Amino acid sequence: KSSKCVSRLICVPLLRVGRRSLAYEAALVVPLLLGIYLAPNLSLWQMTSPTFGQESPRAATIAQIEEIIPDGATVETDLTLLAYLVPQHEVYWVGSAKGASVDYVVVDSSSSAWGGRDVSAVDYAQGTHPGSRYESILKADKFEVARRIQ
């Protein structure tokens, strides 16, 4: 056993194993094992899935939503469809359209924006935009589209 002083006040005892210390070995092994343990939780790990890169089973519904909302319409939605709708529409993220006249509200009830709650697009739209009335025009694959009728 020997000790190595990191500073004048702190001395760290080290076991010498050949030319390397036990602390040196731990500094290499611990992060490596931690990385291996945590790897399945990282986004990059999805690339190991056989379904990686395949079209989403909800792609047809997303295309249908894009078709039923006319170009230039004002839409409020969660993050799921935000990027799909921005090129042809004026799009607001849910909760950011206060005071705006929103023509359509699109809800993906599987989105984290709703905290796991089953949300009705009509109820959300009418609660967020008082004085406006909405009707549901599409319900499929956990998506719901509400159109303003008044």
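That block above? That's the structure.
Residues numbered from 1 in each chain as written. Predicted model: local features only at pLDDT ≥ 70, side-chain atom pairs only at ≥ 80, totals over all residues. Heavy atoms only, no water.

Thoughts on the pairing of strand β5 (residues 74-77)
Part 1 of the argument: Side-chain alternation along β5 places T74 and E76 on one buried face and V75 and T77 on a second face that is also buried.
Part 2 of the argument: The pairing of β5 with strand β6 (residues 90-93) spans 4 bridges and is parallel. Residue pairing in the sheet places E76 in a bridge with Y92 of β6.
Part 3 of the argument: Regarding the hand of the β-α-β motif, the stretch spanning β5, helix α3 (residues 79-85) and β6 is right-handed.
Part 4 of the argument: Examined bridge by bridge, β5 and strand β7 (residues 104-108) share 3 bridges and lie parallel to one another. What sits directly across from T77, in β7, is V106. (Buried < 20%, exposed > 50% of the residue type's maximum accessible area, 1.4 Å probe, protein only. Helix = DSSP H or I, 4+ residues; strand = E, 2+ residues; numbered from the N terminus. Pairing = 2+ DSSP bridges. Right-handed = clockwise from strand over helix to strand, strands pointing away.)

What to know about the packing of aromatic side chains
Part 1 of the argument: According to the stated counting rule, one finds 1 aromatic pair in the structure shown.
Part 2 of the argument: Arranged with centres 5.2 Å apart and planes meeting at 75°, the rings of W114 and Y124 form a pair that is edge-to-face. Remark: Y124 occurs in helix α4 (residues 121-128) and W114 occurs in the loop between β7 and α4; sequence separation between them is 10 residues. The same class applies to W114 as to Y124, namely buried. (Phe/Tyr/Trp six-rings, centres within 6.5 Å; stacked < 30°, edge-to-face > 60°.)

A few points about the side chain of S132
Part 1 of the argument: Turning to its location among the elements, S132 is positioned in the loop between α4 and β8 (134-140).
Part 2 of the argument: Given the relative accessible area of 19%, S132 is considered buried.
Part 3 of the argument: With residues up to four places along the chain from it excluded, the contact list for S132 reads Q126, R148 and Q150. (Contact = heavy atoms within 4.5 Å.)

Some thoughts on the side chain of T74
Part 1 of the argument: Residue position: T74 is located in strand β5.
Part 2 of the argument: Among the residues examined, T74 registers a relative accessible area of 10% and is labelled buried.
Part 3 of the argument: Apart from the residues within four sequence positions on either side, T74 is in contact with E90, Y92, S101, V102, D103 and Y104.

Observations concerning the sheet that holds β7
Part 1 of the argument: Strand order in the open sheet formed by 5 strands is β6-β5-β7-β9-β8, with mixed pairing between adjacent strands. Bordering the open sheet on either side are β6 and β8, each of which pairs with just one other strand. Adjacent strand axes in the sheet meet at a mean angle of 20° when their direction is disregarded.
Part 2 of the argument: Here 6 bridges tie β8 to strand β9 (residues 143-148), and the two strands are oriented antiparallel to one another. Of the residues in β9, the one forming a bridge with Y134 is R148.
Part 3 of the argument: Packed onto the sheet, α4 meets β5, β7, β8 and β9 and runs at close to 150° relative to β8. (Axes fitted to C-alpha atoms, helices over the stretch in contact; angles between N-to-C directions.)

Function-wise, these values are silent; they only describe arrangement.
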